[in-house]
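Secondary and tertiary structure notes
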Amino acid sequence: MMDLLLSLDLATDRDTRDLGARLAKVVQAGDCLALRGDLGAGKTSLARGLISTYLDSDTEVPSPTFTLVQRYQPDPDEQPDAPELLHFDLYRLEDPEDVWELGWEELDEVISLVEWPDKAGPHLSPRHLDIHIIIIGDHRRAHVSASPTTNWKSRLHDF
């Protein structure tokens, strides 16, 4: 069972990126963010905001639709203890077992963003933060949920 932690209006793409930027300030090694929503809902925009802020750079953040996973390593001189970040897009994944070919075994050591997390089947971390972006007319709404057994509620307290 998941507890709804936040429900946020995202009137613009900039709002969606800003949500990602705010999340970048609370993520840590072992975190998995499950990004849900229809095509065009803003999952990749949220990921771009998070990744750019996390890396503290204007790094180009392509959608991993065709590569299935993109890796981002923070600058060791600027962020020596920051874990690597993996951005998965599982839309084209045929079988949940295929996640193991993408570096899935590293999830306890990295920060992971997972678009189309249902495709991971039983391999999605039970400790994930669920971010479901819903299109409502010309704007979006993000519902952020997590299991009550996680520490996400306290980490997102100031949102």
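Check the entry above for the structure.
Residues numbered from 1 in each chain as written. Predicted model: local features only at pLDDT ≥ 70, side-chain atom pairs only at ≥ 80, totals over all residues. Heavy atoms only, no water.

Attention now goes to the side chain of Arg155. Secondary-structure assignment places Arg155 in helix α3 (residues 152–155). Assessed through its relative accessible area of 16%, Arg155 is described here as buried. Within the local environment of Arg155, its side chain forms a polar contact with the backbone oxygen of Val26, the two atoms lying 2.8 Å apart. In this structure the side chain of Arg155 is engaged in a polar contact, spanning 3.2 Å, whose partner is the side chain of Asn151. Look past the residues within four positions of Arg155 in its chain and what remains in contact with it is Val26, Val27, Gln28 and Asp31. (Helix = DSSP H or I, 4+ residues; strand = E, 2+ residues; numbered from the N terminus. Buried < 20%, exposed > 50% of the residue type's maximum accessible area, 1.4 Å probe, protein only. Polar contact = N/O pair within 3.5 Å; in protein donor to acceptor, adjacent residues only side chain to side chain. Contact = heavy atoms within 4.5 Å.)

The subject of this paragraph is the nonpolar core. Residues Leu23, Leu33, Leu50, Tyr54, Leu129 and Ile131 are the most contacted members of the largest nonpolar core, which totals 31 residues. Among the elements that take part in this core, helix α2 (residues 43–55) stands out by supplying 6 residues, more than any other. Every residue in contact with Leu50, bar those within four places of it in the chain, is listed here: Gly20, Ala21, Leu23, Ala24, Val27, Leu33, Leu85 and Leu113. Counting 16 residues, the second-largest nonpolar core is a separate cluster that includes Cys32, Leu90, Leu93 and Ala120. (Core = buried A, V, L, I, M, F, W, Y, C linked by side-chain atoms within 4.5 Å.)

Right, let's talk about unusual backbone geometry for a bit. With the exception of glycine, most residues fall at negative phi, and the peptide bonds are largely trans. Despite not being glycine, Trp116 shows a phi value in the positive range, around 60°. On the secondary structure map, Trp116 appears in the loop between β5 (111–115) and β6 (129–136).

The buried fraction of strand β4 (residues 85–89) amounts to 5 of the 5 residues, a majority that puts the element mostly inside the structure. Strand direction decides the pairing type here: β4 and β5, joined by 5 bridges, are parallel. Bridged to Leu86 within β5 is Ser112. (Pairing = 2+ DSSP bridges.)

Quick look at a negative patch on the surface now. A surface patch of like charges, here negative, comprises Asp56, Asp75, Asp77 and Glu78. As for its placement among the helices and strands, Glu78 is situated in the loop between β3 (69–72) and β4. (Patch = residues over 30% accessible without salt bridge, like charges linked within 9 Å, V, L, I, M, F, W, Y side chains within 5 Å. Areas by Shrake-Rupley, 256 points an atom, 1.4 Å probe, with all protein chains shown as cover. Salt bridge = Lys/Arg side-chain N within 4 Å of Asp/Glu carboxyl O. Lys, Arg positive; Asp, Glu negative; His and termini not counted. Charge placed at Lys NZ, Arg CZ, Asp CG, Glu CD.)

Attention now goes to the packing of aromatic side chains. Scanning all chains against the criterion turns up 2 aromatic pairs. Aromatic side chains Phe88 and Trp104 sit 4.9 Å apart centroid to centroid with 65° between the ring planes, which places their arrangement in the edge-to-face category. Remark: Trp104 occurs in the loop between β4 and β5 and Phe88 occurs in strand β4; sequence separation between them is 16 residues. When sorted by exposure, Phe88 lands in the same class as Trp104, which is buried. Aromatic side chains Tyr91 and Trp116 sit 4.9 Å apart centroid to centroid with 55° between the ring planes, which places their arrangement in the tilted category. A residue pair is termed long-range when its members are at least 10 positions apart, and Tyr91 in the loop between β4 and β5 and Trp116 in the loop between β5 and β6 qualify at 25 residues. Using a relative accessible area of 38% as the deciding quantity, one classes Tyr91 as partly exposed. Since its relative accessible area comes to 22%, Trp116 is described here as partly exposed. Its guanidinium or amino end placed over the ring of Trp152, Arg155 lies 4.0 Å from that ring's centre, counting from NZ or CZ. (Phe/Tyr/Trp six-rings, centres within 6.5 Å; stacked < 30°, edge-to-face > 60°. Lys NZ or Arg CZ within 6 Å of the ring centre and 35° of its normal.)

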